[in-house]
Structure formats: C-alpha cells, structure tokens
Amino acid sequence: MNLVMLPLFTIVNAGPVGGAMATTVEWLLNHGQPVFLLIESLVNGLTGAAEFILSVPPPWLMAPFVALLAAWRVSFGFAVLSLLGLNLVLFMGLWQPMISTLALVIAASLLALIIGIPIGIFSASRKHFWAITRPVLDLMQTMPAFVYLIPAVMFFSTGRVPSTIATLIFSMPPVVRLTHLGIRQVPKDLIEAGRAFGCTESQLLWKVQLPNALPTVMAGVNQTIMLALSMVVIASMIGGGGLGDVVLRGIQQLDVGLGFEGGLAVVILAVILDRLTQSLTSNELTRKSMPQRIRAFRDLWTAS
Amino acid sequence: MPPLISLKQLWKVFGDQSEQALSDLQSGKDADALHAETGIKAAVSDVSLSIEAGEIFVVMGLSGSGKSTLLRMINGLISPSAGEVVIEGKPLTGMSLAEIQRLRRSKMAMVFQSFALFPQRTALENAAFGLEVAGVPQRQRLDKARQALERVGLGLELHNYPHQLSGGMQQRVGLARALALDPPILLMDEAFSALDPLIRREMQEQLLELQAESSRTIVFISHDLDEAVRLGDRIALMKSGKVLQCDSPSELLSKPANEQVRHFFRDVDAASVLTVKTIAETPDCVLRNSDGRQSLESAAAGKEAFVVDDQNLFIGVLRPNGEMITAQQGPVLTPETTIREAINSVVSAPYPVPIVGADQRLIGVISPRRLLGSMLLE
C-alpha cells in the first residue's frame, strides 16, 4: 500500500475545517496502518466468502430457491414476480454482477448489524451514551453518500473493501435507531413483570426486551439492507463492482440502454430484498410457531 | 413467631429534593403545606404493618393513595426513602441486588392489573417464565406451568398466545405464572380491577378456592371495597400515603377509627360484612341439663329454653310444648356466618336461632327482631 502520500493533494482546496479533518485522516494513515490492514483482510475475507457462496448455486437453482422463499414468506404472487424478475436479470446478462452486488450488500449489512444492534441496545439504557450517539447518527445519515468514498479510498485503496466499509457506515444508522426505539418502546409493565419475577439485567434483555423489540429491530434491519443496496451502487465509483459498475459504465459512455438495464436489475434486486426482509418485521413471524408456518405453507399449495 | 412480612415506618418520597422533603415530613411538617410549597408529595408516609403467614391482606384505597407503591416496596421494585421492609426476619434494605433477585424468585410472585403477559409467548411459556428465570430445566418447568394453568382452569389453552385469550383468561395466565413458582407470598396489584364485574367475581372465588387448597400469604391491592371485604382477612385502609386503619372487615365496619374510615364504608352492605357473633344476644332462658327432663320442662315454664350441659356445650332447644329440638335437627348458626347468610334460617325458625361455636359452646341467640335492628346500624 503506497497511499501515504495521497492526502497531501487534498488539503490544498479545503478550508480550515476540511484541513483539520484531512490532517486527522493523514495522522490515522501514518499511525494506524496495522489496524487498517487487519480490517481490510477481515472485510475482504467476508465479502469474498459471501460472493463465493452465492456464486456456487447456478442461476437455475438460485432463482427457484428465491421464489420458494418468497412463496413462504410473502405470497405466491410475489414468488411468480420474483421468478420473472430474476429471469429478466439473467436474460440481460447481468446475473454475475447482481450476485457480486448482493454479496457486497450482505457483507456490509451483516457488519452494520453486528456493530449497530449492540450500539442500539447499549444506548437504550444509557441516556448519556445516546446523547453522543444520536448526533453522530444524524451526521452519518445526512452526510452526502459520496463523502464516505474519499476516506474509504484513502484508508483502503479502491475495490471491494472500501466499498463495503463506506456502505457499512452509510447503512448503519437505521438499525441503531430502530433497535434503540424498539427497546425503549417495550411496555413498562412487561419490564416490571420481568423484574418482579427475579430477572437479572441480562435475562431482562434476552427474555423480555429483545423478544418484544424484535419487530422494530427487524424494521431497522430492512432499512439497513435497503440503504446498503443504494450505497453499493454509488460505491461502484471506487471499484465496488457489480451492478453499480454497469450503471456507472452507462453514465460514462452515455449509453442509455446499458444504464437502464443496470438500473432495472438493481430495482429487481431491491424489491426482492425489501419484501423478503419486510416479512421478518411482521408479527406473524413472532406469533406463528414453526408447525403453524409449515401448515400455512402446505395450505398454500393444496389450496391453490 | 415474627410476622412473615413486616413494614416498619416506611416512607417513600419521589423527586429530586426528596431527601430534604423527607426529613421535613419526618419532623412533623404538614404534608399539604409541603405539597403547596415544593410540589412534592409523599407516596407512602410512615406506614407500619405486619402481615402474618397465611392471611389475605388487602391494602385498600383510592387511586393515588400509595398502595401500589407500598406493594412494590415489599418486593424491592421500589426502594423505600426511609424505613424498613422485613421478610421472614431479614431486612430487604441491606440486601444486594442479587439477593433480592433470588428472594423474588423463591419467595414472592406478582400479578399485575394490566396482566403484563409477554405477547410473543404462549400461555404455557408465559406461565413457565418465573421458573425459566430461576433456571429450572425446560421439561420440569413446562410440567409445573401446565399444572398451574390446569389449576386456574386453562388446561385447554396452553398453546394460545395472550392476544387470542379473553381478559379473564389472560389474568388467569397471569395468576398461573405466579402460582407456577409456588411462592409463599403472592403480591396482587389490583389484579382483578381490569376485568368485567362478572369475571371479577369468578376470579375472586377462584382465588379463595386456591387459598383454601393451599394457604399462602396474599397481599392484595384493591380500590374496590366490596372486593376488599370479600377477600380480606384483614384490610389496611390507605389515604394519601397513610394507613387510616388496619383491621378485619367487620371490625372496620363496626368500630371505624375515624370519620374517614366511616366515610369509606358508607356504601358497604353491612349485612354481608358483619357476622352474627357481633350482634348475638343472650338468650332469655338457659337451662343446664344436670336435672331430669321433667324439671327442665317445668323450669322453662312455657317459654323457649336453650339447653346446655355441664360444660356449657349446646344440646338443643326445648319448645314450650315440651318438644326437644336437638342441635342436629334444628337450625344452628356458626359465629362466622354473615348476617345476610343468616337471614333465611332466622326468619324461618319459630324461635331465636342459637349461635354455636366450633367447640359446641352456646355463644348466643339471634332473633328476627335483632336481625332487622342490626341492618339499621349506621
């Protein structure tokens, strides 16, 4: 990695605030190299693994599998729709880019959830911590998405790793916020009941607060995944690859057709991901037992 | 034996300046004056009570009287500003959080006004919650939970979720959740207040049945006087954080400590609270069965005579026509019978009905005139 010289260019056009930020970034670059290398190898491993696993099943196996999942979780009609959509992607020759986009989304949102959910839980019971977290989240959400690309490139060069990290930062706020909200919204009397039956604080979290907050947390998971998808397209500018790359090529070459195809594939992926993860937020999941769900699934085939 | 639960000079003041306010109040400052000055009110002020093992102890008061706060101080959900809660001789104040948690798991379970069932758990899983928290293995805890649900009559609803059950059924689950732990102390916070009157009545009867099966110590919070009177062995009447009087229902009714207590009981149907022993009269003629039958009849001289033996044990009533009606043949009341329950036998008997204690001793008699007079009692 030969990036240590890079920041020197950027200070020139920035005012004092930007200059301070740039100095900080530069300091980090010079002193934090081992940490960045560790993060890089971790993220690289994760995205690589995700892409490898998703590439193993051929399209003719993957598409029906997704359709089946859709039939189970959403509806029969949506299963047909997603099957058609995936076939369209395959027909446009965009299957592989879609898979790498999906891998990036999965890796980035997984990391966002692993970091975000504990932060949300932690901040729910600590007012002062939340007072700090909240403005940071506001900042993360309102900062234009492109801005994340610059430090990401500086720390991690170009490619999958900075794309994943920029995506992870951009997509984390909703899950933190909604986890916080979900836990805060657990009715007071349930908390009291938990305590009255002798719960320790960790039992209270695992047995009372989290199960009750689950639908709200899942809404956060859904939002995070959707934001990750939108950011992954932008991250193609720093070599994220996948469908974003197709769109980017469309823009660069003023190729309306190519841009449209890439955009359409993104929309199809987005709709499928959205509906599937949204089904996790419904109370049905938390209220139906496994046998009930299997029965519902069987009824689906016998009834229609 | 010391009382199971004793509360010693318990105070609870909420708010930022509670310490200053507390010391003001303890040194005798007027509560209303303090409220006007600082806006601080004592939720519980200077309450001392002792609750004996095996009794249903009702804390009764209007909303805002501090009764729920008092209940939560017994299991440590709220810690007192001053004073002491002592359970089985051990003060709660000195305990660590872990010790209090252990105490809650083993000694006391709570039933809530809002039911407070966990919506994502089935009735069975809800009932097993306390045991789960206590670390009882799954099979064992589900077994116990099932037994508890069967005891409250929900054996068929094990796998339903709370939202699929009616209000009464939900509170039965709440009761089963507490019973599954088999705790010596049951804390019930307006447990039946959110239910329809008919269901409430059913639940009260069920609670009394459960209490008859295996006696626990039940601290029952209520704002419903009829409920308090029906359930309570003793009632502590609370107003603005203070206990006005603590006594058995009929004592509260017949000997109110002050005007406020009397005011509370204004609308209570005295006949269903007061027992016959409180209005028993001495019979006109009591005869000892040491002499022969002949002398008895002559001594009675054409009046009703109540015949007892040498130890004062009741034998029967001798009618003016010489007919002898023994305790097994004629109507007899126990001292704990309420006046209302006694109406039927007193009215239909041709002579004053004898009241006989559990030891067969004649306590007194009750005539229709006396019965009617008692109903005028103010």
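Residues numbered from 1 in each chain as written. Chains lettered and ligands numbered in written order. Predicted model: local features only at pLDDT ≥ 70, side-chain atom pairs only at ≥ 80, totals over all residues. Heavy atoms only, no water.

### Section: the overall build of chain A
Here is step 1: A count of helical and extended segments in chain A gives 15 helices and 0 strands.
Here is step 2: A separation of at least 24 residues holds for 77% of the contacts in chain A among residues at least 6 apart in sequence.
Here is step 3: Accessible surface computed for chain A: about 15,300 Å², of which carbon and sulfur atoms make up 72%. (Helix = DSSP H or I, 4+ residues; strand = E, 2+ residues; numbered from the N terminus. Contact = heavy atoms within 4.5 Å. Areas by Shrake-Rupley, 256 points an atom, 1.4 Å probe, with all protein chains shown as cover.)

### Overview of the domain arrangement of chain B
Here is step 1: The domain architecture assigned to chain B consists of domain 1 (52-269) and domain 2 (276-375).
Here is step 2: If you average the C-alpha positions of domain 1 of chain B and of domain 2 of chain B, the two centres end up 41 Å apart. (Domains from an automatic or database assignment.)

### Examining the packing of aromatic side chains
Here is step 1: This model, assessed by the stated rule, comprises 8 aromatic pairs over all chains.
Here is step 2: Seen in terms of ring centroids, Phe197 of chain A and Phe129 of chain B are 6.2 Å apart; in terms of plane orientation they differ by 85°. Their pairing is edge-to-face. Placement of the pair is Phe197 of chain A in the loop between α10 (188-196) and α11 (201-234) and Phe129 of chain B in helix α6 (residues 129-133), with the two residues belonging to separate chains.
Here is step 3: Centre to centre, the rings of Phe118 of chain B and Phe129 of chain B are 4.4 Å apart; their planes meet at 45°, and the pair counts as tilted. Linking Phe118 of chain B in the loop between β6 (108-111) and α5 (123-127) with Phe129 of chain B in helix α6, this pair joins segments that are 11 residues apart in sequence. (Phe/Tyr/Trp six-rings, centres within 6.5 Å; stacked < 30°, edge-to-face > 60°.)

### Some points on the sheet that holds strand β9 (residues 234-239) of chain B
Residue and element names in this part refer to chain B.
Here is step 1: Taking strand neighbours across the sheet as the criterion, the 6 strands line up as β6-β7-β8-β3-β9-β10 in an open arrangement whose pairing is mixed. Strand pairing shows two members of the sheet lacking a second neighbour, β6 and β10 (242-247), which therefore form its edges. With strand direction ignored, the average angle separating the axes of adjacent strands in the sheet is 15°.
Here is step 2: With 5 bridges joining them, strand β3 (residues 56-61) and β9 adopt parallel strand pairing. The partner of Met60 across the bridge, within β9, is Leu237. (Pairing = 2+ DSSP bridges. Axes fitted to C-alpha atoms, helices over the stretch in contact; angles between N-to-C directions.)

### Here we look at the interface of chain A and chain B
For interface size, the figure often reported is the accessible area lost on association.
Here is step 1: Facing 20 residues of chain A, the contacting portion of chain B comprises 26 residues.
Here is step 2: On inspection of chain A and its partner chain B, the count reaches 2 salt bridges.
Here is step 3: Put simply, Glu132 of chain B and Lys207 of chain A hold a salt bridge, and the shortest N to O gap is 2.8 Å.
Here is step 4: In this assembly, chain A and chain B are joined by 8 residue pairs in polar contact (both at pLDDT 80 or more).
Here is step 5: Among the elements of the structure, α10, α11 and α14 (283-287) of chain A are those that each provide at least two residues to the side of chain A that touches chain B.
Here is step 6: With 7 residues, α10 of chain A is the single largest residue contributor to the side of chain A that touches chain B.
Here is step 7: Residues of the side of chain A that touches chain B, tallied by class, amount to 7 nonpolar, 7 polar and 6 charged. (Salt bridge = Lys/Arg side-chain N within 4 Å of Asp/Glu carboxyl O. Polar contact = N/O pair within 3.5 Å; in protein donor to acceptor, adjacent residues only side chain to side chain. Nonpolar A, V, L, I, M, F, W, Y, C, P; charged D, E, K, R; others polar.)

### Focus: unusual backbone geometry
Here is step 1: Look at Ser157 of chain A: it is not a glycine, yet its phi comes out positive at around 60°.
Here is step 2: Relative to the elements of secondary structure, Ser157 of chain A occurs in the loop between α8 (149-156) and α9 (160-184).
Here is step 3: Its identity is not glycine, yet Phe115 of chain B carries a phi of approximately 70°, on the positive side.

### With respect to the pairing of strand β15 (residues 353-356) of chain B
Residue and element names in this part refer to chain B.
Here is step 1: A two-sided burial pattern is seen for β15, the buried positions comprising Val353 and Ile355 on one face and Pro354 and Val356 on the other.
Here is step 2: Sheet analysis places β15 next to strand β16 (residues 362-366), joined by 4 bridges and oriented antiparallel. Its bridge partner lying in β16, Pro354 is registered against Val365.
Here is step 3: Connecting β15 to the antiparallel partner β16 that follows it, the hairpin turn spans 5 residues, and Gln360 within it adopts a positive phi of roughly 70°. (Buried < 20%, exposed > 50% of the residue type's maximum accessible area, 1.4 Å probe, protein only.)

### Observations regarding the pairing of strand β1 (residues 5-13) of chain B
Residues and elements named next belong to chain B.
Here is step 1: Burial runs high along β1: 7 of the 9 residues are buried.
Here is step 2: Note that β1 and strand β4 (residues 82-87) share 5 bridges and pair antiparallel. By the bridge assignment for β4, Lys8 is matched with Glu84.
Here is step 3: Relative to strand β2 (residues 42-51), β1 runs antiparallel, the two being bridged by 6 bridges. Counterpart to Lys12 in the pairing with β2 is Val44.

### Focus: the sheet that holds β4 of chain B
Residue and element names in this part refer to chain B.
Here is step 1: If you walk across this open sheet you meet the 4 strands as β2-β1-β4-β5, and the pairing is antiparallel. Both outer strands of the open sheet, β2 and β5 (90-91), are each paired with one neighbouring strand and no more.
Here is step 2: Those strands touched by helix α1 (residues 18-26) are β1, β2 and β4, and its axis lies near 120° from that of β1.

### Thoughts on the packing of helix α3 (residues 33-55) of chain A against α9 of chain A
Residues and elements named next belong to chain A.
Here is step 1: Relative orientation of the contacting elements α3 and α9 amounts to 95°, with a least axis distance of 9 Å. By the angle between their axes, α3 is roughly perpendicular relative to α9. Contact residues: α3 offers Ile39, Glu40, Val43, Asn44, Thr47, Gly48 and Glu51, while α9 offers Arg160, Val161, Thr164 and Ile165. (Parallel < 35°, antiparallel > 145°, perpendicular 65-115°, else oblique.)

### Considering the pattern of salt bridges
Here is step 1: Tallied over the full model, the rule gives 19 salt bridges over all chains.
Here is step 2: Residues Glu201 of chain A and Arg195 of chain A are paired through a salt bridge, measuring 3.2 Å at the closest nitrogen-oxygen approach.
Here is step 3: Accessibility expressed as a relative area gives 30% for Arg195 of chain A, which makes it partly exposed.
Here is step 4: Three or more residues are tied together by salt bridges with common partners; here these are Glu192 of chain A together with Arg72 and Asp189 of chain B.

### Quick word on the layout of surface pockets
Residue and element names in this part refer to chain A.
Here is step 1: Put simply, the largest pocket is a space of about 880 Å³.
Here is step 2: Around the largest pocket sit 30 residues that line it, and Met21, Val25, Pro151, Ala152 and Phe155 are the ones nearest its centre.
Here is step 3: Mapped by element, the contributors of at least two residues to the lining of the largest pocket are α2 (16-31), α3, α6 (95-124), α7 (127-142), α8 and α9.
Here is step 4: For the lining of the largest pocket, the per-class residue count stands at 27 nonpolar, 3 polar and no charged.
Here is step 5: Shared between two domains, the lining of the largest pocket holds at least three residues of each, these being domain 1 (1-31) and domain 2 (34-303). (1 Å grid on protein atoms, 1.4 Å probe; cavity = no way out; pocket = protein on both sides within 12 Å on 5 of 7 lines; lining within 4 Å. Points joined across faces, edges and corners; volume = space filled by probe spheres on them.)

### Section: α7 of chain A
Residues and elements named next belong to chain A.
Here is step 1: In this model, α7 (16 residues) spans 23 Å end to end at C-alpha, consistent with the 22 Å of a helix rising 1.5 Å per residue.
Here is step 2: By the burial criterion, the buried members of α7 are Trp130, Thr133, Leu137 and Met140.
Here is step 3: The elements touched by buried residues of α7 are α6 and α9. (Expected span 1.5 Å × (residues − 1).)

### As for a nonpolar patch on the surface
Residues and elements named next belong to chain A.
Here is step 1: A cluster of nonpolar side chains, contributed by Phe52, Ile53 and Val56, occupies part of the molecular surface with about 350 Å² of accessible area.
Here is step 2: With respect to the helices and strands, the residue Phe52 is situated in helix α3.
Here is step 3: On the basis of relative accessibility, which here comes to 60%, the residue Phe52 falls in the exposed class. (Patch = residues over 30% accessible without salt bridge, like charges linked within 9 Å, V, L, I, M, F, W, Y side chains within 5 Å.)

### Focus: the nonpolar core
In globular proteins that are soluble, nonpolar side chains generally tend to be buried together.
Here is step 1: Leu70, Met188 and Phe265 of chain B are the most contacted members of the largest nonpolar core, which totals 108 residues.
Here is step 2: Not counting the four nearest positions on each side in its chain, Met188 of chain B is found in contact with Leu71, Val111, Leu175, Leu207, Ile218, Val219, Phe220 and Ile221 of chain B.
Here is step 3: Ala103, Ala228, Val232 and Ala235 of chain A belong to the second largest nonpolar core, which has 74 residues in total. (Core = buried A, V, L, I, M, F, W, Y, C linked by side-chain atoms within 4.5 Å.)

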